[in-house]
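Geometric and topological summary
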Amino acid sequence: MIHVNTNYCKGCLLCVEYCPKKVYVKSEKLSKKGVFPPEVKFPENCIKCHLCELMCPDFAIIVEDKDDK
Amino acid sequence: MGFISNDIIIEKYLRKDMLPTIFCTGCGIGSVMNYALRAIHDLNIDMNETVFVSGIGCSSRVPGYIYSDGLHSLHGRAIAYATGVKLANPKLKVIVFTGDGDCGAIGGNHFLHAIRRNVDITVISINNFIYGMTGGQVAPTTPLNSKTTTTPYGNIEYPIDLSMMAKVIGAPYVARWTTAHPVQCISSIKKALQKTGFSFVEVLAPCPTSYGRLNKMGNTLDMTKHFKESTINIKLYEKMLADGKTTDKMVIGELVDIEKEDFNTKYNKFCGELK
Amino acid sequence: MTNDVIRLLGRKDLFIQGDDAAVYGALIADCRFFAGYPITPATEVAEGMALWMPKLGGVYVQMEDEIASIAAVIGASCTGVKSMTATSGPGFSLMQECIGYACMAEIPCVIVNVQRGGPSTGQPTEAAQGDVMQAMWGTHGDHQIIALAPKSVQETLDLTIEAFNLSEDYRVPVILLLDAEIGHMREKVVLPEVVNVKVDERVPATIGPDKYRPYRTGFTRTSKVPEFAPFGSGYRTYVTGLTHDKRGFPVTTSADVHEELVRRLIEKVQDDMDVIWYHEDLFLDDAEIIVISYGTTSRPAVSAVKMARKSGIKVGHIRLITIWPFHYEKMKELLKNAHTIIVPEMNLGQMVHPIRETVGKDIKVISAPKIGGAIHTPYEILKCIEEE
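So, here is what we can say about the structure in this document. (Residues numbered from 1 in each chain as written. Chains lettered and ligands numbered in written order. Predicted model: local features only at pLDDT ≥ 70, side-chain atom pairs only at ≥ 80, totals over all residues. Heavy atoms only, no water.)

This paragraph deals with the overall build of chain B. A count of helical and extended segments in chain B gives 11 helices and 10 strands. In terms of overall dimensions, chain B is globule-like: its C-alpha atoms have a radius of gyration of 18 Å, near the 19 Å expected for 275 residues. Oriented by its inertia axes, the alpha-carbon framework of chain B measures out at about 60 × 50 × 40 Å. Out of the 275 residues belonging to chain B, those deemed buried represent 60%. Counting only contacts in chain B whose residues sit at least 6 apart along the sequence, the fraction spanning at least 24 positions is 68%. Accessible surface for chain B amounts to roughly 10400 Å². Of this, 55% is attributable to carbon and sulfur atoms. Of the charged side chains in chain B, 29 are positive and 24 negative, and the gap between their average positions amounts to 2 Å. (Helix = DSSP H or I, 4+ residues; strand = E, 2+ residues; numbered from the N terminus. Rg over C-alpha atoms; globule rule 2.2 N^0.38 Å. Buried < 20%, exposed > 50% of the residue type's maximum accessible area, 1.4 Å probe, protein only. Contact = heavy atoms within 4.5 Å. Areas by Shrake-Rupley, 256 points an atom, 1.4 Å probe, with all protein chains shown as cover. Lys, Arg positive; Asp, Glu negative; His and termini not counted. Charge placed at Lys NZ, Arg CZ, Asp CG, Glu CD.)

Put into structure tokens, the structure is as follows:
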């Protein structure tokens, strides 16, 4: 499970760029903060490398390690 | 090496009521904070005995978000405050977050002398090439010809290289990376934290709001790419030098890693002899 | 610890200069961190500390400048260690921003300022009292520090101990205003026995880390002073020079938070004025002329007053020991029967201003300044008295 905290997210989209499996896309909806946050479009592709969490400067992404089927 | 999930970092190391951070969209400071906390987590450092010290500037707001003792001091003085903390209570792990202006301009002298003294502190300098907090003025690290609000016709002053300064004065550990090198950053911060003596990690970070905008460098993605392209790893660089070639790219990597007795060890030695 | 100093010295009667007395006073008060930078005429304080600190398990460090010195002192004090620095005018000017920080963040520290002739580099080896206003108003913004001015070497020792006590009690920087004359003058000093010395410690947190708020008040003897949890004690406090709330976190745009904080920083000291304000008076009962002095200048002033009394002039003397905060009410009371006040100072008139403010236009206030390095002679002050 991937959580994007839209309260913390400022819409830099580093996650979209750096995800090796292209899990994220830029959302088309503005968040409450007035930015376009990432949308978890292809969660099934996630390999739990946590790179998006590392690259996110705002602690806005949490990738749970446990499988959530 | 596997990375842990951010929820551990947030739960264990951050003051949640202080989030979100005040940093601008795409600012690299949050990333460096994340790297440092991951290094601390990996080393299992006791946050009850860790003090984060900072001066003034964007990077200096970091300790406010970290759940530990924090000392948000005056502009440029972080390293001097940290020296007092460490010498008065050597049990504490003292980590300084500073910026390029804080560390290289107003605090430049404290930086030099803490290295000379070899105080056992870790200084993480987030270099964004500009004064961000005040809206984008020229910094001691601003590259030649770059535009800032106080160099509207381009910077005519030669920039300083903080890591090379640290190396020349004799810091036992010096490393430089960019925010686009998370793995290397974490690894270097870990080494820095384990080093007895003055350790210095410089991280080049994008400031899209001021530096990027004024110099038409695009957003944080473009700037991060630019960092990757405009830097060269020390190993490659040394090979180039050996081949008689040169480059004007900024050298990154682990620049110094030596052993050197620190202030506290020396001080305690002669105190013991006096008794 | 006092016994340690006496034991290490092998005696308690000393013939030392004022700078050394500040060292012994600090050591007796349990000061265990000193950071400084050499400057005439305060260098001997650093030299004494360099000699003693390693023997007593304390830390001495010579920093790269005075800014770094006071910064290190504040950092050290954050860990709960009593800390001090010593300097003179030029260095004192450099320290001002950090003194403001110590006021704002409420970090106890003691600053010994051995005054010399200014402005600027001025007269490095000559005495002056030119930093009186700077001690109070050198740093920017509204605030309240405490400043003490000893008149002798023995008193330098005693007041250094008191400076630490006040600093710990009120969590405020305390400035000990010596001058080159006392700093470099040798006199007999008797080290006090440990049982006779009152040494105060800042009030520790009385509540667990989960409920602790670094700037909550109402739980210490002086109710507007917050409790203190040192770094490394598990309380995880955040210390900032920005305007902060009771949790210690920055709140920089709220007028209410700022006013509450800044007023408290001042009131915590001023509310206890009767406890903090020390003075000595002489022949006040029937005095029509009152000489007010402090520090070195009190010595010729007292002589002059005694001489004038012998020739039948109804003159008295007040010596300010605590020079800041200034006790307006008490001074008004003490001065109410006088028709003339004479204020000899080794500056062109600084302490004379709050005194004029105290008495208004009802009483004549005469400034008797002297600058250049020499202290007033009793005859110079006597002449002022006789002219009235």
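Turning to the interface of chain B and chain A, a few remarks are in order. Interfaces are often described in size by the accessible area the parts lose on coming together. Contact with chain B, which involves 33 residues of that partner, is made by 24 residues of chain A. Taken together, both faces of the contact between chain B and chain A bury some 2200 Å²; the carbon and sulfur share is 63%. Inspection of the region where chain B meets chain A yields 1 salt bridge. A salt bridge links lysine 225 of chain B to glutamate 17 of chain A; the shortest N-O distance between them is 3.6 Å. Along the contact surface separating chain B from chain A lie 11 residue pairs in polar contact (both at pLDDT 80 or more). Those elements that provide at least two residues to the side of chain B that touches chain A are helix H1 (6-13), helix H2 (29-43), helix H7 (182-194) and helix H9 (220-229) of chain B. (Buried area = accessible area lost by both parts, 1.4 Å probe. Salt bridge = Lys/Arg side-chain N within 4 Å of Asp/Glu carboxyl O. Polar contact = N/O pair within 3.5 Å; in protein donor to acceptor, adjacent residues only side chain to side chain.)

The subject of this paragraph is the interface of chain C and chain B. With 42 residues of chain C at the interface, the matching set in chain B holds 39 residues. Between chain C and chain B lies a buried interface of about 3300 Å² when both sides are counted; carbon and sulfur atoms form 61% of it. Where chain C touches chain B, the interface holds 2 salt bridges. With a shortest N-O distance of 3.1 Å, arginine 247 of chain C and aspartate 17 of chain B are connected by a salt bridge. Inspection of the chain C/chain B interface yields 17 residue pairs in polar contact (both at pLDDT 80 or more). Top element by residues in the side of chain C that touches chain B is helix H4 (residues 66-78) of chain C. It accounts for 8 residues. Across the side of chain C that touches chain B, the residue classes break down as 25 nonpolar, 11 polar and 6 charged. Sheet topology note: the strand E2 (residues 69-72) of chain B/strand E10 (residues 238-240) of chain C ladder contains 3 bridges and is parallel. (Nonpolar A, V, L, I, M, F, W, Y, C, P; charged D, E, K, R; others polar. Pairing = 2+ DSSP bridges.)

Core analysis: the largest hydrophobic core is formed by 144 residues, its most contacted members being Phe198 of chain B together with Phe33, Met49, Met84, Leu320, Ile323 and Trp324 of chain C. When residues of this core are assigned to their parent elements, the largest contribution, 9 residues, is made by H4 of chain C. Here this core spans two domains, and each of domain 1 (2-196) and domain 2 (279-387) of chain C adds at least three residues to it. The next biggest cluster of nonpolar side chains, apart from the first, holds 62 residues, and it includes Cys9 of chain A together with Tyr13, Tyr35 and Val201 of chain B. (Core = buried A, V, L, I, M, F, W, Y, C linked by side-chain atoms within 4.5 Å. Domains from an automatic or database assignment.)

From the geometry alone we can't say anything about function, so treat these as descriptive.
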